[in-house]
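# Breakdown of the fold
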Protein chains: 2
Amino acid sequence: MLNFASMLRKLLLFGAGKSASYLINYFIGKAEEENWALTVADTHTGHLRERYAGCAALSISEVSADDEASCMQLVSDHDLVISLLPAFLHIRIARWCLAAGKSLVTASYVDAPMQQLDAEAKAKGLIFLNEAGLDPGLDHLSAMALIAELKEKKAEILSFASYTGGLVAKSSDSNPWHYKFSWNPRNVVLAGQGSCARYLDNGKYKYISYPRLFKHTTRFDLKENGIYEGYPNRDSLKYIRHYGLENISQMQRGTLRGEGFCKSWNVFVQLGMTDDSFIMETKSPVSKKEFLNSFLPSFKGMEPEEKLRQQLGADIDDEILENLAYLGLFSDREFLTLKEASPAGHLQSILEEKWKLEENDKDLVVMVHRIKYRHEGKSYLLESSLVTEGENAAYTAMAKTVGIPVAIAAKLILNGKIPEKGVHIPLRDYWYRPVLRELREYGIVFKDRITIE
Amino acid sequence: MLNFASMLRKLLLFGAGKSASYLINYFIGKAEEENWALTVADTHTGHLRERYAGCAALSISEVSADDEASCMQLVSDHDLVISLLPAFLHIRIARWCLAAGKSLVTASYVDAPMQQLDAEAKAKGLIFLNEAGLDPGLDHLSAMALIAELKEKKAEILSFASYTGGLVAKSSDSNPWHYKFSWNPRNVVLAGQGSCARYLDNGKYKYISYPRLFKHTTRFDLKENGIYEGYPNRDSLKYIRHYGLENISQMQRGTLRGEGFCKSWNVFVQLGMTDDSFIMETKSPVSKKEFLNSFLPSFKGMEPEEKLRQQLGADIDDEILENLAYLGLFSDREFLTLKEASPAGHLQSILEEKWKLEENDKDLVVMVHRIKYRHEGKSYLLESSLVTEGENAAYTAMAKTVGIPVAIAAKLILNGKIPEKGVHIPLRDYWYRPVLRELREYGIVFKDRITIE
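Only a predicted model underlies this, so the values are computations on that prediction, with no experimental measurement involved. (Residues numbered from 1 in each chain as written. Chains lettered and ligands numbered in written order. Predicted model: local features only at pLDDT ≥ 70, side-chain atom pairs only at ≥ 80, totals over all residues. Heavy atoms only, no water.)

Per the secondary structure count, chain A includes 18 helices and 16 strands. Against the compact-globule benchmark of 22 Å for 453 residues, chain A has a radius of gyration of 23 Å, which places it among compact chains. Across its three principal axes, chain A shows a C-alpha extent of roughly 80 × 60 × 40 Å. Expressed as a percentage of its 453 residues, the buried residues of chain A come to 59%. Contacts in chain A between residues at least 24 apart in sequence constitute 72% of all its contacts with a sequence separation of at least 6. Here chain A displays about 19,000 Å² of accessible surface, and carbon together with sulfur accounts for 48% of that area. Computing the positive centroid from 55 side-chain charges and the negative centroid from 59, chain A places the two 4 Å apart. (Helix = DSSP H or I, 4+ residues; strand = E, 2+ residues; numbered from the N terminus. Rg over C-alpha atoms; globule rule 2.2 N^0.38 Å. Buried < 20%, exposed > 50% of the residue type's maximum accessible area, 1.4 Å probe, protein only. Contact = heavy atoms within 4.5 Å. Areas by Shrake-Rupley, 256 points an atom, 1.4 Å probe, with all protein chains shown as cover. Lys, Arg positive; Asp, Glu negative; His and termini not counted. Charge placed at Lys NZ, Arg CZ, Asp CG, Glu CD.)

Below is the structure:
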């Protein structure tokens, strides 16, 4: 077998944002042992130059993903590429990787354009591994380990549900939404748009539209770890086949939020405040109250609270109004700060101020799988959960649980441990065994509880 | 001045669908007088070959818009191009027109890619006239004539609202939705998706989201011509500038439907049944009841009527349930007919069967403008309306009111009557004067009523 570590391997990371901190440290920490070097490419790199001044294993390249020539040169000069950039940029990077003959790792969902590169990647002997972060990523790895174990002992799996949330630790939870941003705020604002969420329930295919998504929640009581609500996430149906669960009667993947979040967020959905498709007309300065009012009818002398009750009826209660008030949406003394933006852009800007993870705040990642199965004539519920807190706003649980799985996956590819080629997500044992094993070193450990049903 | 009619002019029409009948007859009828010849290009042309057998002025070309080489050849061989194809194809045709140096007329909204061709079209001395059909089209022409008249007499225009509907004549109204398809059913199913509807009300910009669009209706009592409801249509704000109404306090464009239509259609919007972004999983055959149930939760033993009341609350009433029942949505004896389709695709297929305009059915076009203005110290409401019935399913009011304005606009361009170049919509007097004058010959006449407020 080749001794890969005897050669210098050059890794290229696109994206130095919120999720990159642990990943960069992972590569730097193992640079000598593994004989690799890391280049980080992003449009903003000031924070890296400060944090990693004098670090020999790290090169920093200030470059935009729109600068095709420079990016292509970077890709050609490295042995493996990782992208933590916004998901829509991955396809561009994947094409550069194809041209230069390099493998790629991302933490994002495989979309149709990425899937279409499968044959070409295979033909060139490359791996394009996607969905290798937290959710999607660690959810697949941990689920596949549980499913393999159950199949091993000939249990019949009846139902599968998996929910994940990037939240805020109780000690840092200082707002009534029980939420602060630990990752890309834009993704939070746009979450759920585009297509119906799809899942399997009682053996039936179910489709939940965006207008109903945040009303359609499931309660999760994780005892000492808190109470959450989950809403369905994207297309769960395709994971029936991915997970080898063709005879299952329930398959649901979802997103966790704190209690009361979803019904309040639903107001934004109903009113169109998450619409990112057009630039709003504004006669500046616009107060936040005027912003809210622009999604409500003109009724002379009626306050927006009253209009909300009248327009959204049962979708409004006191707790929701308090949550909106917390954001300043009833205030004519707080103003929009952006000049030209979509409704979603203005909303994001408001939330970034109010939901900021402060320097010493700790975020929280919660993942829970619920698997029902029959074994030797009895029915069981297996609940497997991960609850992990971040250190501070730079070293978040989110960055850890996204970055370290991605980093380990990249290492496995670099070290020739992965036999598959083409476009993949991490489902096979050669992914989940080593990744889950190494994650234990970082305190990322699932707790299982089995109850007889 | 050139005598254009002394030269043979060759017109090319892309699209022989529901809206083309009057337009084709217009060109054939005037072929000798105007010395022009028409080529109609479409993927399906059988009905034309039958209807126009032996007609020397008409050539028929069976071609797909995907066959770029053949289409480009056709464009090059003609003097002016008209497109009645689905709107997303216009940009492709516009590019062929640019390459071949031909002007273009469409009945669709100007989108950003079309607008971007403005400079190049101008540089080449071409006119790309869009929004030249009924709505958009005749609404602009008739509105601009009224606005010019009011401005002429120094009236101050306070508010403008314009609503249009393609409906079914009372004598052919045989279903509880009061609706039959007189144009592209796909456009009806997808109407309102994409962006918030935008308008001006009481001097404030207002944005109405898709989930609220069909709940946000205005009642129109047109006396002997019936009672309608209107919902806001797309972006009305941009027409403030187009119409030269910068000081107005209300600007609304909207779509008319029969009473009760919108609240019933709202159920499809809420449930996600108009989602066109993914192919549904189906284990065929799927009953219409199962189709409906797939957008509702699994509650054992509960009928979908009950679930609808429970899930949508105040958005459900008996009339709505009757309308859904009329479509067979509670039936386990009626089945989906398509194998692979999006929710919107299946819904369209159900509606095409139930809302078919039968051979001798008459459709109905209703357009109404409401303009409030002050003149010499008094306030007035001007209501200008057009109500016109079709002859039968082939010669519809829709085809007449879309096709004849497009045809006259094309004639004006061909005959050198139009000074403007570039990407336009028909707003200026050299459009509305001759088009409205000639439309009178076809019985397309607005009735005005002025009341003192």
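This part covers the packing of helix α14 (residues 304-312) of chain B against helix α15 (residues 318-326) of chain B. All names here are of chain B. The interhelical angle for the contact between α14 and α15, taken along N-to-C directions, is 135 degrees, at an axis separation of 11 Å. It follows that α14 is oblique to α15 by the angle criterion. Considering the relative orientation of α14 and α15, their crossing is right-handed. Across the interface between the two elements, E305, L308 and R309 from α14 touch D318, L321 and L324 from α15. (Axes fitted to C-alpha atoms, helices over the stretch in contact; angles between N-to-C directions. Parallel < 35°, antiparallel > 145°, perpendicular 65-115°, else oblique. Left-handed = near helix turned anticlockwise from the far one by under 90°.)

Looking now at the sheet that holds strand β15 (residues 422-424) of chain A. Residue and element names in this part refer to chain A. Read across the sheet, seven strands follow the order β3-β2-β1-β4-β5-β6-β15 without closing on themselves; strand pairing throughout is parallel. The open sheet terminates on both sides in strands that have one partner only, identified here as β3 (58-62) and β15. Between one strand and the next, the sheet's axes are offset by a mean angle of 20 degrees, whatever the strand orientation. In the packing of helix α4 (residues 68-76) onto the sheet, the strands contacted are β1 (9-14), β2 (36-42), β3 and β4 (80-83), and the crossing angle to β1 comes to about 145 degrees. Contacting β1, β4, β5 (103-106) and β6 (127-129), helix α5 (residues 90-100) runs over the sheet at an angle of about 160 degrees to β5. (Pairing = 2+ DSSP bridges.)

Bringing the relation of the copies chain A and chain B into the picture now. Relative to chain B, chain A is turned by 180 degrees and slid 0.0 Å along the rotation axis, the superposed coordinates differing by an RMSD of 0.0 Å. The operation mapping one copy onto its partner corresponds to a two-fold rotation axis. Closest approach to the rotation axis among the C-alpha atoms of chain A is made by P211 of chain A, whose C-alpha sits 3.0 Å away. Same-surface contact between copies: 100% of interface residues of chain A are shared with the interface of chain B. (Least-squares fit on C-alpha atoms with pLDDT ≥ 70 in both.)

Residues and elements named next belong to chain B. Read across the open sheet, the seven strands follow the order β3-β2-β1-β4-β5-β6-β15; overall the sheet is parallel. If you trace the sheet from one side to the other, it starts and ends with β3 (58-62) and β15 (422-424), each paired once. If you compare each strand with its neighbour and ignore which way they point, the axes differ by 20 degrees on average. With four bridges joining them, strand β4 (residues 80-83) and strand β5 (residues 103-106) adopt parallel strand pairing. Residue pairing for β5: V81 is matched across the bridge by L104.

Before going further, it helps to examine the interface of chain A and chain B. Taken together, the contact pairs 36 residues of chain A with 36 residues of chain B. With both sides pooled, the region where chain A packs onto chain B buries about 3,100 Å², and carbon together with sulfur makes up 48% of that total. Sorting the residues of chain A by area buried against chain B places Y205, Y207 and R212 of chain A first, and these three jointly supply 21% of that buried surface. Viewed at the interface, chain B and chain A are joined by zero salt bridges. In this assembly, chain A and chain B are joined by 22 residue pairs in polar contact (both at pLDDT 80 or more). Breaking the side of chain A that touches chain B down by element, the ones donating at least two residues are β8 (197-201), β9 (204-208), α10 (210-213), α12 (261-271), α13 (288-293) and α14 (304-312) of chain A. (Buried area = accessible area lost by both parts, 1.4 Å probe. Salt bridge = Lys/Arg side-chain N within 4 Å of Asp/Glu carboxyl O. Polar contact = N/O pair within 3.5 Å; in protein donor to acceptor, adjacent residues only side chain to side chain.)

The next point concerns the nonpolar core. In terms of nonpolar packing, the biggest core is built from 158 residues, with F128 of chain A together with W265 and L308 of chain B touching the most fellow members. Of all the elements, helix α17 (residues 397-414) of chain A adds the most residues to this core, at 13 residues. Once residues lying within four places of it in the same chain are set aside, the contact partners of L308 of chain B are V267, L271, L292, L296, G313, I316, L321, L324 and F330 of chain B. V188 of chain A together with L11, A31 and I413 of chain B belong to the second-largest nonpolar core, a separate cluster that totals 156 residues. (Core = buried A, V, L, I, M, F, W, Y, C linked by side-chain atoms within 4.5 Å.)

Attention now goes to unusual backbone geometry. Residue and element names in this part refer to chain A. Residue P136 is bonded to the preceding D135 through a cis peptide linkage, with omega at 15 degrees. One non-glycine residue, K154, adopts positive backbone phi at about 65 degrees. Position of K154 relative to the elements: it lies in the loop between α8 (138-152) and β7 (156-168). One non-glycine residue, K223, adopts positive backbone phi at about 50 degrees. With respect to the element layout, K223 can be found in the loop between β10 (218-221) and β11 (227-232).

One pass over the full model with this rule turns up zero disulfides over all chains. Counting only cysteine sulfurs, C71 of chain A is the nearest neighbor of C97 of chain A, a cysteine outside any disulfide, at a range of 11 Å. (Disulfide = S-S within 2.5 Å.)

A separate point is the pairing of strand β12 (residues 250-258) of chain B. All names here are of chain B. By the criterion of burial, β12 is predominantly enclosed, with nine of the nine residues buried. The sheet contact formed by strand β7 (residues 156-168) and β12 spans six bridges and is parallel. For S162, the partnering residue across the bridge sits in β12 and is R253. Relative to β12, strand β11 (residues 227-232) runs antiparallel, the two sharing five bridges. Bridging across to β12, Y228 finds its partner in G258.

Residues and elements named next belong to chain B. Within the secondary structure, D317 sits in the loop between α14 and α15. Under the relative-accessibility criterion, D317 is labelled partly exposed at 26%. Along the sequence, D317 and K263 sit 54 residues apart, while their C-alpha atoms lie 9.1 Å from each other. Residues contacting D317, with those up to four places away along its chain left out, are K263 and R309. In terms of polar contacts, D317 uses its side chain to reach the backbone amide nitrogen of E319, at 3.1 Å.

For the rest of this paragraph, the subject is helix α8 (residues 138-152) of chain B. Residues and elements named next belong to chain B. Helix length check: α8 (15 residues) gives 21 Å between terminal C-alpha atoms against 21 Å at 1.5 Å per residue, within 8%. Turning to α8, its buried residues number three or more, namely L138, D139, H140, L141, S142, A143, M144, L146, I147 and L150. Once α8 finishes, K154 follows within two positions and takes phi at roughly 65 degrees, a positive value. (Expected span 1.5 Å × (residues − 1).)

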